[in-house]
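The primary structure of each chain is shown beneath.
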Amino acid sequence: MMFRATARHPALILDDVRGAQKMLSGVARTTALEGSRHLTELVGAPVHLKCENLQRTGSFKLRGAYVRISGLTPVERAAGVVAASAGNHAQGVALASSLLGVRSTVFMPVGAPLPKVAATQEYGAEVRLHGQVVDETLAAAQEYAERTGAVFIHPFDHPDIIAGQGTVGLEILEQCPEVRTIVVGIGGGGLAAGIAVAVKALRPDIRIVGVQAEGAAAYPPSLAAGHPVSLDDPVTMADGIKVGRPGDVPFTFIEELVDEVRTVSEDELSSALLLCLERAKLVVEPAGASPVAALLSDPKAFRGPVVAVLSGGNVDPLLLQRVLRHGMSAAGRYLSLRLRLTDRPGALATLLAALTVADANVLDISHVRTDPRLGLTEVEVDLHLETKGPRHCEEVEAALRAEGYRVIG
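So, how was this worked out
- Residues numbered from 1 in each chain as written.
- Predicted model: local features only at pLDDT ≥ 70, side-chain atom pairs only at ≥ 80, totals over all residues.
- Heavy atoms only, no water.
- Helix = DSSP H or I, 4+ residues; strand = E, 2+ residues; numbered from the N terminus.
- Buried < 20%, exposed > 50% of the residue type's maximum accessible area, 1.4 Å probe, protein only.
- Contact = heavy atoms within 4.5 Å.
- Areas by Shrake-Rupley, 256 points an atom, 1.4 Å probe, with all protein chains shown as cover.
- Lys, Arg positive; Asp, Glu negative; His and termini not counted.
- Charge placed at Lys NZ, Arg CZ, Asp CG, Glu CD.
- Phe/Tyr/Trp six-rings, centres within 6.5 Å; stacked < 30°, edge-to-face > 60°.
- Disulfide = S-S within 2.5 Å.
- Pairing = 2+ DSSP bridges.
- Axes fitted to C-alpha atoms, helices over the stretch in contact; angles between N-to-C directions.
- 1 Å grid on protein atoms, 1.4 Å probe; cavity = no way out; pocket = protein on both sides within 12 Å on 5 of 7 lines; lining within 4 Å.
- Points joined across faces, edges and corners; volume = space filled by probe spheres on them.

Student: Which residues make up the overall build of the protein chain, and what values go with them?
Tutor: Each helix and strand in the protein chain was counted, giving 17 helices and 14 strands. Taking the principal axes of the C-alpha coordinates as reference, the protein chain spans close to 80 × 50 × 40 Å. Each of the 409 residues in the protein chain was classed as buried or not, and the buried ones make up 54%. Nonlocal contacts in the protein chain, meaning residues at least 24 apart in sequence, comprise 72% of its contacts between residues at least 6 apart. In the structure as shown, the protein chain presents an accessible area of about 17,600 Å², 52% of it carried by carbon and sulfur atoms. For the protein chain, the distance from the average site of its 39 positive side-chain charges to the average site of its 46 negative ones is 4 Å.

Right under this line is the structure:
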């Protein structure tokens, strides 16, 4: 696929994205656009969720990978392809390669979640575990490409990748022609760039808002400097957008066509993931939940109708468990207390009865008698409770104090 356009000529880019859409017909799903009543009430205008978490392989990455590999010459296809990824890009490349009959090798970090490794292998790739961080894995994949002649498939820094990801933007316009704002997570920038070049060519009035995790936000300083800037140590649970440096190709388009880049905290990501699960019944990874996190953090800042792109749903079950606990804590759904009681038979049972009346669910309890700070007849109890929100937390504490309990932490 020839990429003829520049950022200053979006009509040509639109032709390429439309070509990618035809190429992906019967390969990538046209994912659902689901309304969110809860977010609609918060924003004060219709909010829809573009469910790329329900795409084949669990993310949008198949789109760009398939378009990129489709554009290889017969000689390049015969040499095979190689990629480096902690998850989503790995699976996209593996499936795209299998569909096109191309041999694929995917390098993944040693600590990559086992479900993502297994899925990549099941899609047909040879998986090689190398390095503790993605940068080391990337270097190994590039060395392999140079040594073997395999074509390196970059996760975001190539025009064909951007054209493939831009098909998400065309689908949004078809499914929600009245859209006024599109909110999308940004890592390296391939998805946001693709959506922006497609949407702005047809509807320049639509506002495109990119979202990054606070601990991995390379785009704000890069946009301020006018060129990609590297972060020393990006840190976030959202590994799908944990990229230390913007891609050179997507940066050009984002700089010109994306209206705003916002950042969200880890607490906001956790709350957004929890909201997607509880209210929308959608399993979404932290990176995929980043647009929802932006809506939750400042709901009145978005002109509706709004489409939030849920870019992926490949979340490791262990991470999901931790994130859900974190999200529930951030939402005031957990309460941790330390009480000091008189050590007598039935004291713990009486405390639990008081918590039952207060409608608090005990998740964990620790009974400590050996702390030297305790008196001879005293015992400390550490409680971890599930509650219904911040107000209920206050009510539980007030109820315990009313029963004569001394809360010390």
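Student: Quick one: what's the story with the packing of aromatic side chains, residue by residue and with numbers?
Tutor: Evaluated as defined, the whole model comprises two aromatic pairs. Between Tyr219 and Phe251, the aromatic rings sit 6.1 Å apart at their centres with planes inclined by 25°, giving stacked as the arrangement. One end of the pair, Tyr219, is in helix α11 (residues 219-225); the other, Phe251, is in helix α12 (residues 248-257), and 32 residues separate them in sequence. Of the residues examined, Phe251 reaches a relative accessible area of 3% and is grouped as buried.

Student: So what's going on with helix α9 (residues 167-175)? Residues and values would help.
Tutor: Along α9, seven of the nine residues are buried, which leaves the element largely enclosed by surrounding structure. Where α9 is concerned, the buried positions are Thr167, Val168, Gly169, Leu170, Glu171, Ile172 and Leu173.

Student: Lay out the state of the cysteines in plain terms, naming residues and giving numbers.
Tutor: Should the sulfur atoms of two cysteines be covalently bonded, the bond is a disulfide. One pass over the full model with this rule turns up zero disulfides. Free cysteine: Cys51, not disulfide-bonded; nearest cysteine sulfur from Cys276 at 8.7 Å. Owing to a relative accessible area of 0%, Cys51 belongs among the buried residues under this scheme.

Student: Hey, could you go over unusual backbone geometry for me, with residue numbers and the actual values?
Tutor: Where the residue is not glycine, phi is negative for most of them; where a peptide bond is considered, it is trans in most cases. Cis geometry marks the peptide bond from Gly304 to Pro305, where omega comes out at 0°. With respect to the element layout, Pro305 can be found in the loop between α14 (286-297) and β10 (306-310). At Thr57, a residue that is not glycine, the phi angle is positive and equals roughly 70°. Relative to the helices and strands, Thr57 is located in the loop between β2 (47-51) and α3 (61-70). On the basis of relative accessibility, which here comes to 5%, the residue Thr57 falls in the buried class. With a phi close to 65°, Asp359 is a non-glycine residue in the positive phi region. Position of Asp359 among the secondary structure elements: in the loop between α16 (347-357) and β12 (361-368).

Student: I'd like a description of the sheet that holds strand β5 (residues 126-129), backed by residues and values.
Tutor: Taken in spatial order, the four strands line up as β5-β4-β3-β6 in an open sheet, and their pairing is parallel. Across the chains shown, the open sheet's two edge strands, defined by having one partner strand only, are β5 and β6 (151-152). Pairing between strand β3 (residues 81-84) and β6: two bridges, direction parallel. Across the sheet, the residue bridging to Val82 is Phe152, located in β6. Its contacts with the sheet put helix α7 (residues 134-148) on β3, β4 (104-108), β5 and β6, and the angle it makes with β3 is roughly 165°.

Student: Could you give an account of empty space enclosed by the protein, naming the residues involved and the relevant values?
Tutor: In this approach the atoms are scanned with a rolling probe the size of a water molecule, which exposes any empty space left behind. Taken as a whole and assessed by the stated rule, the structure comprises one cavity of 30 Å³ or more. Considered as a void within the structure, the largest cavity measures approximately 30 Å³ in volume. Along the walls of the largest cavity sit Ala79, Gly80, Val81, Arg103, Thr105, Tyr144 and Ala150, which together make up its complete lining.

Student: So, the sheet that holds β2: which residues are in play, and what are the values?
Tutor: Read across the open sheet, the six strands follow the order β1-β2-β10-β7-β8-β9; overall the sheet is mixed. Two strands close off the open sheet at either side, each with one partner strand: β1 (33-35) and β9 (260-264). Going across the sheet, the axis of each strand differs from the next one's by a mean of 25°, ignoring polarity. Sheet topology note: the β1/β2 ladder contains three bridges and is antiparallel. Across the sheet, the residue bridging to Gly35 is His48, located in β2.

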